[in-house]
Amino acid sequence: YYVGREGEAEAPLWAAGLWDSWEGTEGAVESFTIMTRDAAPDLAWLHDRQPVLLDAEGLAAWVGEAAEADALAEMRRCARLGAGGLRCHPVSKKMSKASYQEEDACARVTLASRQQRSVAAFFGAKAAPSPAAKEEAPGGKELAAAAAAAA
């Protein structure tokens, strides 16, 4: 699924993250993580976790010159925000590969499950075939004659 800001096709989503560079046994190591939280109720259908998304104030505190305690307080405030203002739509399964970088990466697709009849419709009541259709079916005339003779 593509998740983006409502009404802003190219607007970025800002997520709280941590980055560090340190010396490991085999040289320099750069590490990065995105802060996550329980999914907001309006995104829980998609996944049980979601990134901590920052609003403009949260972004300014998180990457700006704010004191560490203030930045953490802003991140906590943003972690309590709902997922309001976001939109979601299904995208190609090709997006499961990080190497897929084509222009249609965010293009909306119709899920196969929406193109097919539902299971309920498949097993639901069907109209009874007409007597003419019964006779046209393979062996239908013989079955109709046998039923008439038995009656």
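Above this text you will find the structure in question.
To start, this report covers the structure provided alongside it.

What counts and how
Residues numbered from 1 in each chain as written. Predicted model: local features only at pLDDT ≥ 70, side-chain atom pairs only at ≥ 80, totals over all residues. Heavy atoms only, no water. Helix = DSSP H or I, 4+ residues; strand = E, 2+ residues; numbered from the N terminus. Buried < 20%, exposed > 50% of the residue type's maximum accessible area, 1.4 Å probe, protein only. Polar contact = N/O pair within 3.5 Å; in protein donor to acceptor, adjacent residues only side chain to side chain. Contact = heavy atoms within 4.5 Å. Phe/Tyr/Trp six-rings, centres within 6.5 Å; stacked < 30°, edge-to-face > 60°. Lys NZ or Arg CZ within 6 Å of the ring centre and 35° of its normal. Expected span 1.5 Å × (residues − 1). Arc of directions from axis to C-beta. Core = buried A, V, L, I, M, F, W, Y, C linked by side-chain atoms within 4.5 Å. Salt bridge = Lys/Arg side-chain N within 4 Å of Asp/Glu carboxyl O.

Moving on: the side chain of glutamine 50. Residue position: glutamine 50 is located in strand β6 (residues 49–51). Classification of glutamine 50 as buried rests on a relative accessible area of 6%. At 2.9 Å, the side chain of glutamine 50 and the backbone nitrogen of alanine 40 are in polar contact. Dropping the residues within four chain positions of it, glutamine 50 is found in contact with Met35, Thr36, Arg37, Asp38, Ala39, Ala40 and Leu43.

Enumeration according to the criterion identifies one aromatic pair in this entry. Ring geometry for tyrosine 1 and tryptophan 45: centres 5.1 Å apart, planes at 80 degrees, overall edge-to-face. Residue tyrosine 1 is located in the segment before β1 (2–5), and its partner tryptophan 45 is located in the loop between β5 (36–38) and β6; the two are separated by 44 residues in the primary sequence. By relative accessible area, tryptophan 45 is classed as exposed at 51%. Of note, arginine 5 hangs over the ring of tryptophan 14, and the distance from its end group to the ring centre comes to 5.2 Å.

Between its first and last C-alpha atoms helix α2 (residues 68–79) spans 16 Å; for 12 residues at 1.5 Å apiece the expected length is 16 Å, and the two agree. Within α2, the full set of buried residues consists of Ala71, Glu74, Met75 and Cys78. Buried positions in α2, seen along its axis, are confined to an arc of 100 degrees and lie on one side of it. Residues of α2 that are buried sit in contact with β5, β7 (53–54) and α1 (56–63).

Let us now look at the environment of leucine 53. You can see leucine 53 is positioned in strand β7. Between the C-alpha atom of leucine 53 and that of arginine 37, which follows or precedes it by 16 residues, the distance is 9.6 Å. Discounting chain neighbours no more than four positions away, the residues touching leucine 53 are Leu13, Trp14, Ala15, Cys78 and Leu86.

A word on the nonpolar core. Grouped together as the largest cluster of nonpolar side chains are seven residues: Ala16, Val52, Leu54, Trp62, Ala71, Met75 and Cys78. The dominant element in this core, judged by the number of residues it contributes, is α2, at three residues. Not counting residues up to four positions away in its chain, the partners in contact with methionine 75 are Ala16, Met35, Val52 and Trp62.

Below, the discussion takes up the pattern of salt bridges. Under the definition given, this model contains two salt bridges. Close ionic contact of arginine 49 with aspartate 38 constitutes a salt bridge, the shortest N to O distance being 2.7 Å. Linking arginine 49 in strand β6 with aspartate 38 in strand β5, this pair joins segments that are 11 residues apart in sequence. In this structure aspartate 38 comes out as exposed when scored by relative accessible area, which is 55%. The partner of aspartate 55 in a salt bridge is arginine 77, and the shortest N-O contact between them spans 2.8 Å. Of this pair, aspartate 55 sits in the loop between β7 and α1 while arginine 77 is found in helix α2, placing the two residues 22 residues apart along the sequence.

With that out of the way, let us pick up the side chain of histidine 89. Locating histidine 89 in the fold gives a position in strand β8 (residues 86–89). Look past the residues within four positions of histidine 89 in its chain and what remains in contact with it is Tyr1, Tyr2, Cys106, Ala107 and Arg108.

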